[in-house]
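Residues per chain are reported as follows:
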Amino acid sequence: PTLIINKLLNELQFETNKALQDLRPDLEVKFDADLNFTFRRNGKERSYHQLSYGQHVYIALAFKRGLARVVQRLANIEIGFMEFDEVDSALDKAGVE
């Protein structure tokens, strides 16, 4: 089980960060074996509370996109469409664009 968890976490971390690169290249996340998240902004470690609400939204969206990619690969299915309700409601105009 540990090997499976670590392999999945590595894939999920990779896919989440790949999605973050598209959304907010200044953000990065890291997961450990105990499912703790470490956040980096511009290479500096930050606590979750030091990030803005908008940055929380970007991270959550990237995590969901990453998780969908991992599930898609594991289940050998294609997820052609994902819908998120009001995902940009907390973002400013530049963030929405």
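Refer to the structure printed above.
Position numbers for residues start from 1 in each chain and track the written sequence from start to end. Restriction of local features to residues with pLDDT of at least 70 applies here, the model being predicted, together with a cutoff of 80 or more for giving and counting side-chain atom pairs; totals for whole chains, interfaces and linings are based on all residues. Side-chain numbers come from the whole structure's heavy atoms, not from hydrogens or water.

S.K.: Would you take a moment to explain the sheet that holds strand β1 (residues 27-31) for this structure?
M.R.: Paired through backbone hydrogen bonds, the strands of a sheet run either parallel or antiparallel to each other. As summarised here, the arrangement of the 3 strands in space is β1-β2-β3, forming an open sheet in which the pairing is antiparallel. The outermost strands of the open sheet, each flanked by one partner alone, are β1 and β3 (44-46). For this sheet, the mean inter-axis angle between neighbouring strands, taken without regard to orientation, is 35 degrees. Pairing between strands is defined by DSSP: at least two bridges between them are needed. Helix numbers and strand numbers start at the N terminus; a helix is a DSSP run of H or I with at least 4 residues, a strand a run of E with at least 2. Sheet topology places β1 next to strand β2 (residues 37-41); 5 bridges connect them, and they run antiparallel. When the bridges of β2 are listed, Lys-30 appears paired with Thr-38. The criterion used for residue contact is that any of the two residues' heavy atoms lie within 4.5 Å. Axes here refer to lines fitted to C-alpha atoms; in helices the fit is confined to the stretch in contact. Angles between the N-to-C directions go from 0 to 180 degrees. Strand contacts of helix α2 (residues 53-75): β1 and β2, with the helix running at about 55 degrees to β1, the strand carrying the most contacts.

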